Amino acid sequence: MGVIVGKSIFPGIVIGQPYIERKKRIDIENYKISSEKVEEEIERFLESVQKAKNDIKQIKGNLEGKINKEDLQILTVHIMMLDDPQFISDIKKGIKKEENNAEAVVKKVSNKYIEMFEKIADPIYKQRALDIKDISERIIMNLTHEDDIDSNLNGKILVIRELLPSELLKIYYSGINLSGIIMEYMGETSHTAILTKALEIPTLMGGNDIFSVDWGDKIILDTTSMEGKVVTNPDVKTLNRYDEEKNRYRNKMKEIEESVDKETVTLDGERVYLHLNIGGRLDITQISRKKPDGIGLLRTELIYMDAIEFPNEEKQKKIYENIAREFEESQPNKPIIIRTLDIGADKKLSYYKMVDEENPSLGCRGMRLTLADKNLFKNQIKGILRAATHHNIKMMYPMITNLKEIVEAKDLVEECKKELLIEGKEFKENIEVGMMVEVPSNVMLADIFADYVDFFSIGTNDLTQYILATDRYSPIAEKLYDCYDPAVIRAINMVSSAGLRKNKKVSVCGEMAGENQAVIALLSLGIRDLSMAPAYIPKVRNLIRKIEMSELKEIKIKLLKSKDSQEIKNILNEYLEIIEGRN
């Protein structure tokens with residue numbers, strides 16, 4: 001019997017048979033072709049690219065409505081990459097120059113790009129390297145006709161070094177049920193991790209040397225705590241214990257579902273508000289079941305990514321109004337916070353060429369980009385102002401660095417209002433405007449920013465990255481990426497305290513908002529508004545209903561005195577055990 005530990009991505013307890021995927025990515029045969037066959041080989045390559053695009057479009061179309069639209073955006077990105085003229089040109093030139101088979105040239109060119117991106121410190125490029133690996137392997141599979149999924153995988157726990165997003169979606173699309181996933185690759189904020197959460201598959205990432213393990217016929221995958229584990233070759237006693245644990249976990253999930261219709265109120269009567277993070281499309285049935293208090297983050301970049309050109313003012317107005325109407329059918333009068341365009345870094349538009357930057361995460365993204373193109377920004381502002389006329393819509397700015405940007409944006413809003421007035425168009429005069437808190441300057445100047453905005457929303461993913469200067473996608477540096485680091489906890493406390501002093505609402509809309517331990521920490525720091533993926537609302541609501549807010553005063557003192565993240569996690573886990581024992 002052995003134990004493998006790693007990072008839990010989606011919680012669950014699974015007892016089942018492992019499916020060990022030991023094979024490397026497709027073995028590529030490298031062979032010469034005659035000069036007369038070069039054009040034929042290029043045509044074979046282009047046909048495989050077209051087939052890859054068609055396959056992705058088909059998978060995306062069949063999964064729409066089953067998976068949140070924003071979780072499928074990775075497929076849109078892959079289609080854009082398959083259309084990239086530089087990538088296609090490099091491969092065509094390689095076939096001509098080297099007179100080699102297409103498979104070998106695709107592998108060589110993609111490896112060149114992958115190595116180049118992996119050397120760049122910025123985490124966005126590390127993710128881009130994975131995307132290139134994904135699309136190149138899809139092209140090669142089409143060229144070699146090795147695109148089958150083993151039906152023996154159904155119902156088993158997949159053990160694999162690395163699972164690419166399109167592979168996971170193809171497995172799901174094929175009707176194969178994965179009971180769990182164990183990966184050596186570590187990337188809790190990667191596209192694959194996001195998809196395993198969306199598909200609700202118990203997943204562990206970061207297991208070491210998984211192919212040197214004697215797995216046996218049955219294993220136990222336990223991802224119910226932050227540090228997940230796998231028990232290999234479990235003895236009878238361990239199997240019996242985990243059978244009981246599994247039943248307890250099942251009963252806990254039932255309890256969570258039964259509490260979905262209850263108010264999110266602590267044991268001592270304090271109300272907490274749970275909101276949704278969404279893209280440009282709503283799953284009304286799912287939303288109705290979760291009973292959210294509003295939409296805390298509507299990511300408009302996903303609307304732009306689905307378009308073939310920048311959507312104009314009228315188009316945006318209609319999109320936002322339709323979302324508001326749909327949402328209000330089941331959740332009347334609840335607020336919707338629309339974040340203005342946040343492209344740049346890992347988010348690109350097929351119809352807009354951005355300047356190549358060595359470090360795009362620190363470059364032209366979010367407000368920096370929209371303030372540089374005021375007509376683009378004004379179209380969106382006007383669309384939001386007009387859509388807000390008869391709906392409870394608020395507006396929020398991403399990636400603010402300094403006060404000048406806020407003042408400039410505020411002036412643009414006033415300019416838009418004057419123009420709409422002249423044009424005789426209805427708009428919301430007194431719309432609330434807030435800002436994301438994502439960079440250290442926001443934290444240091446929170447009390448000053450509070451005089452210029454109506455509310456704050458803390459994006460803990462970027463805030464953690466920028467405070468700790470860590471690459472989320474690096475196997476080495478990612479271990480330093482930890483939202484429980486004392487520096488991050490203190491930063492959140494500083495913003496929350498500034499909000500309380502200035503009577504401005506502070507919410508959290510990053511990954512932390514959906515984690516049980518983090519919820520305890522955030523509530524102790526004075527946060528009363530949390531925004532998360534729909535799937536996390538029931539469990540967070542159930543947790544909050546077991547908390548005594550008065551008990552969190554002592555927790556806060558301990559957290560702010562802590563010297564490292566492990567100390568913070570221990571404090572939160574101890575309290576979590578106490579409240580989980582409450583009926």
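Bear in mind the structure is a predicted one, so any value in this text is a computation, not a measurement.

Student: Outline the overall build of the protein chain, supporting the account with residue identities and numerical values.
Tutor: In terms of helices and strands, the protein chain carries 22 helices and 16 strands. Scored against the burial criterion, the 583 residues of the protein chain give a buried share of 57%. For the protein chain, the share of sequence-separated contacts (at least 6 apart) that also reach a separation of at least 24 residues comes to 71%. Surface exposure of the protein chain reaches about 25,600 Å², of which carbon and sulfur atoms provide 48%.

Student: Pulling in residues and values, what's your account of the sheet that holds strand β1 (residues 2-10)?
Tutor: Reading across the sheet, the 8 strands line up as β2-β7-β8-β1-β6-β5-β4-β3 and stay open at both edges, with mixed pairing between neighbours. At either end of the open sheet lies a strand with only one pairing partner, and these are β2 (13-16) and β3 (18-21). The mean angle between the axes of side-by-side strands here comes to 25 degrees, regardless of whether they run parallel or antiparallel. With 4 bridges joining them, β3 and strand β4 (residues 157-160) adopt parallel strand pairing. Paired with Pro18 across the two strands is Ile157, which belongs to β4. Strands in contact with helix α8 (residues 236-258) are β2, β7 (219-222) and β8 (227-232); relative to β2, the strand with the most contacts, it is inclined by about 140 degrees.

Student: Now, about the sheet that holds strand β10 (residues 295-299): what can you tell me, with residues and values included?
Tutor: Ordered by their spatial adjacency, 8 strands build a closed barrel running β9-β10-β11-β12-β13-β14-β15-β16, and the pairing between neighbours is parallel. Ignoring strand direction, the axes of neighbouring strands in this sheet form an average angle of 25 degrees. Of the pairings in the sheet, the one linking strand β9 (residues 273-278) to strand β16 (residues 529-532) comprises 4 bridges and is parallel in character. Note on β16: the bridge partner recorded for Tyr273 is Asp529.

Student: Explain the environment of Ile458 to me, using residue names and the numbers behind them.
Tutor: Looking at the secondary structure, you find Ile458 in strand β14 (residues 455-458). Not counting the four nearest positions on each side in its chain, Ile458 is found in contact with Val437, Leu463, Ile492, Val495, Val506, Ser507, Val508, Cys509, Gly510 and Ile527.

Student: How would you summarise the pairing of strand β12 (residues 393-397) if you had to cite specific residues and measurements?
Tutor: In terms of burial, β12 is largely enclosed, as 5 of its 5 residues are buried. Where burial is concerned, the two faces of β12 agree: the one with Ile393, Met395 and Tyr397 and the one with Lys394 and Met396 are both buried. In terms of strand pairing, strand β11 (residues 336-339) meets β12 through 4 bridges, oriented parallel. Of the residues in β12, the one forming a bridge with Ile338 is Met395.

Student: I'd like a rundown of the pattern of salt bridges, residues and numbers included.
Tutor: This model, assessed by the stated rule, comprises 37 salt bridges. For Lys112, the salt bridge is made with Asp90, and the minimal N-O distance between the two is 3.5 Å. A residue pair is termed long-range when its members are at least 10 positions apart, and Lys112 in helix α4 (residues 102-119) and Asp90 in helix α3 (residues 85-98) qualify at 22 residues. What makes Lys112 partly exposed here is its relative accessible area of 47%. We note a salt bridge from Asp451 to Lys502, for which the minimum N-O separation is 3.1 Å. Residue Asp451 is found in the loop between α16 (446-449) and β14, and its partner Lys502 is found in helix α18 (residues 486-502); the two are separated by 51 residues along the sequence. By relative accessible area, which is 32% here, Lys502 ends up partly exposed.

Student: Can you lay out helix α22 (residues 565-580) for me, pointing to particular residues and giving the numbers?
Tutor: With 16 residues, α22 ought to run about 22 Å at 1.5 Å a step, and its terminal C-alpha atoms sit 22 Å apart, in line with that. Within α22, burial applies to Ser565, Ile568, Lys569, Ile571, Leu572, Tyr575, Leu576 and Ile579. Axial view of α22: buried residues confined to an arc of 160 degrees, hence all on one face. Opposite its buried face, α22 presents the exposed residues Glu574, Glu577 and Ile578, each directed more than 90 degrees away. Of the surrounding secondary structure, the elements contacted by the buried residues of α22 are α18, α19 (516-524), α20 (537-544) and α21 (552-561). Looking at where α22 begins, the residue whose side-chain oxygen comes 3.2 Å from the main-chain nitrogen of Gln566 is Asp564.

Student: A description of the nonpolar core should follow, citing residues and the corresponding values.
Tutor: Counting residues in hydrophobic clusters, the biggest one holds 86 residues, and the most contacted among them are Tyr397, Phe456, Ile458, Ile492, Ile520 and Leu530. Residues within four places of Ile520 in sequence aside, it is in contact with Ile547, Leu552, Ile555, Leu572, Tyr575, Leu576 and Ile579. The next biggest cluster of nonpolar side chains, apart from the first, holds 53 residues, and it includes Phe45, Leu63, Ile95 and Val109.

Student: Talk me through the environment of Gly383; I want residue IDs and the actual numbers.
Tutor: Topologically, Gly383 is positioned in helix α13 (residues 374-387). Given the relative accessible area of 0%, Gly383 is considered buried. Considered as a pair, Gly383 and Lys318 are 65 residues apart in the sequence and their alpha carbons are 8.0 Å apart. Setting aside its immediate chain neighbours within four residues, Gly383 contacts Glu313, Gln316, Lys317 and Tyr320.

Student: Could you give me a rundown of unusual backbone geometry, with the residues and numbers involved?
Tutor: Unusually for a residue other than glycine, Lys291 sits at a positive phi of about 55 degrees. For Asn333, which is not a glycine, the phi torsion comes out positive at approximately 70 degrees. On the secondary structure map, Asn333 appears in the loop between α11 (313-330) and β11. Using a relative accessible area of 67% as the deciding quantity, one classes Asn333 as exposed.

Student: Got a sec to walk through the packing of helix α1 (residues 38-63) against helix α2 (residues 73-82)? Specific residues and values, please.
Tutor: Describing two packed helices takes the angle between their axes plus the distance from one axis to the other. α2 packs onto α1 with a crossing angle of 165 degrees between their chain directions and a minimal axis gap of 10 Å. If you check the angle between α1 and α2, you find them roughly antiparallel. In the crossing of α1 with α2, the sense of the turn from one axis to the other is left-handed. Each of Val49, Ala52, Lys53, Ile56, Lys57, Ile59 and Lys60 in α1 lies in contact with α2, whose residues at this interface are Leu75, Thr76, His78, Ile79 and Leu82.

Cut-offs and rules
- Sequence order as written defines the numbering, with residues in each chain counted from 1.
- Only residues with pLDDT of at least 70 get local features here, since the model is predicted, and only at 80 or more are side-chain atom pairs given and counted; chain-wide, interface and lining totals rely on the full set of residues.
- As a convention, hydrogens and water are excluded, and side-chain values are obtained from all of the structure's heavy atoms.
- Here a helix means four or more residues in a row that DSSP labels H or I, a strand means two or more in a row labelled E, and each is numbered from the N terminus.
- Note on exposure labels: buried denotes an accessible area under 20% of the residue type's maximum, exposed denotes more than 50%, and partly exposed covers the range between, all computed with a 1.4 Å probe on protein chains only.
- The contact definition used throughout considers only heavy atoms, calling two residues in contact when any of these lie within 4.5 Å.
- Using a 1.4 Å probe, the Shrake-Rupley method yields the accessible areas, and only the shown protein chains count as cover for residues.
- Strands qualify as paired when DSSP identifies two bridges or more between them.
- Axis definition: a line fit to C-alpha positions, over the contact stretch in the case of helices; interaxial angles, taken between N-to-C directions, run 0 to 180 degrees.
- Whenever Lys or Arg places a side-chain nitrogen within 4 Å of a carboxyl oxygen from Asp or Glu, that contact is recorded as a salt bridge.
- Multiplying one less than the number of residues by 1.5 Å gives the expected span of a helix.
- The directions considered for the arc are those from the helix axis to the C-beta atoms.
- Two N or O atoms count as a polar contact when they lie within 3.5 Å, although within protein this holds only if one can serve as hydrogen donor and the other as acceptor, and sequence-adjacent residues are included solely when both atoms are side-chain atoms.
- Side-chain atoms within 4.5 Å are what join buried Ala, Val, Leu, Ile, Met, Phe, Trp, Tyr and Cys residues into a set we call a nonpolar core.
- Should an angle lie under 35 degrees it is considered roughly parallel, over 145 roughly antiparallel, and from 65 to 115 roughly perpendicular; all remaining angles are considered oblique.
- For a crossing to be left-handed, the near helix must be turned anticlockwise from the far one by less than a right angle; the clockwise case is right-handed.

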